[in-house]
Amino acid sequence: MKKKMKMESSSSDKRELWILILYAVAFYSFVIQRSLRLSTDYHSQLYGLRSAWLSKFTHRSNDVSDAQWRNFRANLPILTIVFAIFGLAANAFRACFRFKARGMSFLWLFISFIYLTYLHGACIVFILAIALLNYLLVKIFARKKYFLLVLWSFNIFFLICNRVYGGYSFSIIGQQWAYLDNFRGTFRWHICFNFVVLRMISFGYDYHWADQDSRFDQEKHVHRCHICKSGKTCYHLLQERSVQDDKYSLSIYICYLVYAPLYLAGPIISFNAFASQLDVPQNNYSVRDVTWYGLRWVFSLLLMELMTHLFHYNAFAISGLWKQLSPMDVFIIGYGVLNFMWLKFFLIWRYFRFWSLICGIEAPENMPRCINNCHNLEGFWKNWHASYNKWLVRYMYIPLGGSQKKLLNVWVIFTFVAIWHDLEWKLLSWAWLTCLFFIPEMILKSTASALQVESALGQFVFRELSAVAGAVTITCLMVANLVGYVIGPSGINWLVSQFLQKEGLPVLGGMFVTFYVGTKLMFHIDDAKQRKYRSGL
């Protein structure tokens, strides 16, 4: 009887999966057709469109309206040459002279200072001055009870001051130094310094925790971790396992802060994990793995080039033309902007991680999961800038009380995330909206964990309710990110009025149904992964 019910359930799941796939194909066909038409009709009114190498094949201009993507794309050739030289030099010296952590730190300091001098010119003085102050602060106060308050106060103070004063001027030191303001390099140092702040806090915490009894059970972890079982070393083990005292030297600390492959954009790596791999290079990725990783990145770059030639989503957002569009088109542009942003960051972060892997340092993957395969807020933030999420969990969430104070923690953490990105009201609006949307999800999860559903009907009802909750969550995520990155807080009233009018309500309903279908597809993907994992055991 049970076997018969299982077979009927499997057959029903397959029929449902085919219906969901057909809906998804119809949805994306409609979105692509509408996007092409919008990009054609409004071509002359959009900002940031330029002719590019693919234009002669597509007969369309390239959307380079996003300044971050435009600068990265334009500098790709020189960056690739520079990092190829850096990687070759670092690996050659390590092989020839058998450098360990100390030797590699001096080598990377030399390489990274050449890189930073080109980027920031004389402003490298400001970076080193703040970094040295932080090092002294950590070494002096690390054993004090109030150390963490001192560490956070110092770093948040400079995080804000750097932005307010635009990276400072040499004339504030004295007029005799004002001439150095003419040698500020090619890139504003205080923009990159946001990542340096995270590294300085990481160093402070890891040094502070070094003398404390660790709750991390290494033997238990190795027994459970399939990576460590195979003879390799996973990132979690590298991060949680304390390093020897001599690794907390000034040379390794500065090397960690300015390590060239990860300096500009990350991914973010903890001090413990970095120092360990500086001593013994990563062994999780073979030459073949790294080569395939690079080829996949090239394929993703070609996809981005095709996307920005055919669909001008970001140009609509920059030009402000979304105000002239129907609710359906606003939804399509908003959805397109989020996908563009995901692919942009995916390419930037994987590029720098690729070069770091070549040089022997494995950093966490920042985009381990596609944006279209996340149906809850917690899952989304674990897979969007994932290395930053790991940093926040280790250095903020757990010290603040972890899951016991989750409802309070998210407000503190997301406020910091907004300030860390920039001092803008729209980012604070995005952060606080996200926190508001987190509350019902946390309540739902705690309720679900308390209920033990065993019957087939109960499991069906629970799955349907979870799909509805997923649709609501995705809608909330879209609203929060549109406010944070497209329309700003002043556009909330306009957005609400557009979707609550007669023309907008059917669109809102269609969005909800689409996200419901998408969530159920994600459930099927997760089920398939679990079956594959179980069969491999």
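Residues numbered from 1 in each chain as written. Predicted model: local features only at pLDDT ≥ 70, side-chain atom pairs only at ≥ 80, totals over all residues. Heavy atoms only, no water.

## Concerning the overall build of the protein
Applicable threshold: Strands are runs of DSSP state E lasting at least two residues, helices are runs of H or I lasting at least four, and both sets are numbered from the N terminus onward. Between buried and exposed lies partly exposed: a residue is buried under 20% and exposed over 50% of the maximum accessible area for its type, with that area taken using a 1.4 Å probe on protein chains only. Residue contacts are defined here by distance: any two heavy atoms, one from each residue, within 4.5 Å place the two residues in contact. Note on areas: Shrake-Rupley with a 1.4 Å probe; residue coverage comes only from the protein chains shown. Counting rule applied: Lys, Arg positive; Asp, Glu negative; His and chain ends not counted. To locate a charge, take atom NZ for lysine, CZ for arginine, CG for aspartate or CD for glutamate.
For the protein, the helix and strand inventory stands at 23 helices and two strands. C-alpha extents for the protein along the principal axes are approximately 70 × 60 × 45 Å. Residues classed as buried in the protein amount to 51% of the 537 residues present. In the protein, the share of contacts with a sequence separation of at least 24, taken over all contacts with a separation of at least 6, comes to 75%. In the structure as shown, the protein presents an accessible area of about 27,300 Å², 65% of it carried by carbon and sulfur atoms. Charge-centre separation for the protein: the mean point of 53 positive side chains lies 3 Å from the mean point of 30 negative side chains.

## Notes on empty space enclosed by the protein
Worth spelling out the cut-off: Buriedness for pockets is judged along seven lines, at least five of which must meet protein on both sides within 12 Å for an open set on the 1 Å grid over protein atoms alone, while cavities are sets there where a 1.4 Å probe fits but cannot get out, and lining residues have an atom within 4 Å of a point. Grid points are joined across faces, edges and corners, and a volume is the space filled by probe spheres set on the points. Basically, the charged four are Asp, Glu, Lys and Arg, the nonpolar ten are Ala, Val, Leu, Ile, Met, Phe, Trp, Tyr, Cys and Pro, and anything else, Gly included, counts as polar.
In total, this model carries three cavities of 30 Å³ or more according to the counting rule given. Of the pockets and cavities examined, the second largest cavity occupies roughly 50 Å³. Around the second largest cavity, the lining residues are Tyr235, Gln239, Ile268, Ile269, Ser270, Pro364, Ser387, Lys390, Trp391 and Tyr395. A per-element tally of the lining of the second largest cavity places helix H18 (residues 386-397) first, with four residues. Looking at side-chain class alone, the lining of the second largest cavity contains six nonpolar, three polar and one charged residues.

## A closer look at the pattern of salt bridges
Going by this rule: The term salt bridge refers to a pairing of a side-chain nitrogen on Lys or Arg with a carboxyl oxygen on Asp or Glu at a separation within 4 Å.
A complete count under the given rule lists 15 salt bridges for this structure. A salt bridge links Asp181 to Arg184, with the shortest nitrogen-to-oxygen separation between them at 2.9 Å. Across the pair Asp206 and Arg394 runs a salt bridge, and its minimum N-O distance is 3.0 Å. Pair noted here: Asp206 is in helix H7 (residues 189-209) and Arg394 is in helix H18, with a separation of 188 residues, a long-range link. Comparing Asp206 with Arg394, the two get one shared label, buried. Salt bridges here are not isolated pairs; linked through shared partners, they connect Arg350, Arg353, Glu362 and Glu365.

## Description of unusual backbone geometry
A cis geometry characterises the amide bond from Gly266 onward to Pro267, with omega recorded as 5°. If you trace the backbone, Pro267 turns up in the loop between helix H12 (260-263) and helix H13 (271-279). Non-glycine residue Arg98 carries a positive phi angle of around 50°.

## Topic: the confidence of the model for the protein
Using the following cut-off: For every residue, the predictor reports its confidence as pLDDT, a number between 0 and 100.
The predicted model of the protein has a mean per-residue pLDDT of 86, with 92% of residues at 70 or higher. With pLDDT under 50 throughout, residues 1-5 is counted as low confidence; its partners more than four residues away or in other chains account for zero contacts.

## Some points on a nonpolar patch on the surface
Put simply, the test is: Note on patches: the residues involved have over 30% relative accessible area and no salt bridge, like charges join within 9 Å, and the nonpolar side chains Val, Leu, Ile, Met, Phe, Trp and Tyr join within 5 Å.
A contiguous nonpolar surface patch, about 770 Å² in accessible area, is contributed by Trp53, Phe57, Trp292, Leu295, Val298, Phe299 and Leu302. Tallying contributions element by element places helix H14 (residues 287-310) first for the nonpolar patch, with five residues.

## Structural notes on the packing of aromatic side chains
To be explicit about the condition: To pair, rings of Phe, Tyr and Trp, with the six-membered ring standing in for Trp, must have centres within 6.5 Å; the planes then decide the type, stacked if under 30 degrees apart, edge-to-face if over 60, and tilted in the middle. In our convention, an over-ring charge means Lys NZ or Arg CZ found within 6 Å of a ring centre and within 35 degrees of that ring's normal.
A full pass over the atoms with the stated rule returns 63 aromatic pairs. With a centroid separation of 4.9 Å and an interplanar angle of 75°, the aromatic rings of Trp108 and Tyr259 are classed as edge-to-face. With Trp108 in helix H4 (residues 101-120) and Tyr259 in the loop between helix H11 (250-258) and H12, the pair connects residues that are 151 residues apart, well separated along the chain. Judged on exposure class, the residue Trp108 and its partner Tyr259 are both buried. The ring of Tyr207 has Arg143 lying over it, and the distance from NZ or CZ to the ring centre is 4.7 Å. Residue placement shows Lys344 over the ring face of Phe345; its charged tip is 4.4 Å from the ring centre.

## So, the side chain of His385
Mapping His385 onto the fold places it in the loop between helix H17 (377-383) and H18. Not counting the four nearest positions on each side in its chain, His385 is found in contact with Phe195, Ile268, Trp349, Asn366, Met367 and Trp420.

## Some points on H14
An α-helix turns once every 3.6 residues. As a result, residues three or four positions apart point the same way. Which entries qualify depends on this criterion: Working rule for helices: expected span equals 1.5 Å times residues minus one.
Look at H14: 35 Å from first C-alpha to last across 24 residues, which is about the 34 Å you get at 1.5 Å a residue. Among the residues making up H14, those that are buried are Val290, Tyr293, Gly294, Trp297, Ser300, Leu301, Met304, Glu305, Met307, Thr308 and His309. Turning to H14, the residues buried within the fold contact helix H2 (55-58), strand S2 (62-63), helix H3 (67-97), helix H15 (313-319) and helix H16 (327-358).

## Quick look at the packing of helix H6 (residues 147-164) against H7
Heads up, the condition is: To get an axis, fit a line to the C-alpha atoms, keeping to the stretch in contact for a helix; angles then go from 0 to 180 degrees between the N-to-C directions. Angles below 35 degrees are treated as roughly parallel, those above 145 as roughly antiparallel, those between 65 and 115 as roughly perpendicular, and all remaining angles as oblique.
At a minimum axis separation of 10 Å, H6 and H7 run at an interaxial angle of 175°. When the interaxial angle is binned, H6 and H7 end up roughly antiparallel. On H7, the residues that touch Phe147, Leu148, Leu151, Trp152, Asn155, Leu159, Asn162 and Arg163 of H6 are Trp189, His190, Ile191, Phe193, Asn194, Val197, Met200, Ile201, Gly204, Tyr205 and His208. Among the residues forming the contact of H6 with H7, the class breakdown is 12 nonpolar, six polar and one charged.

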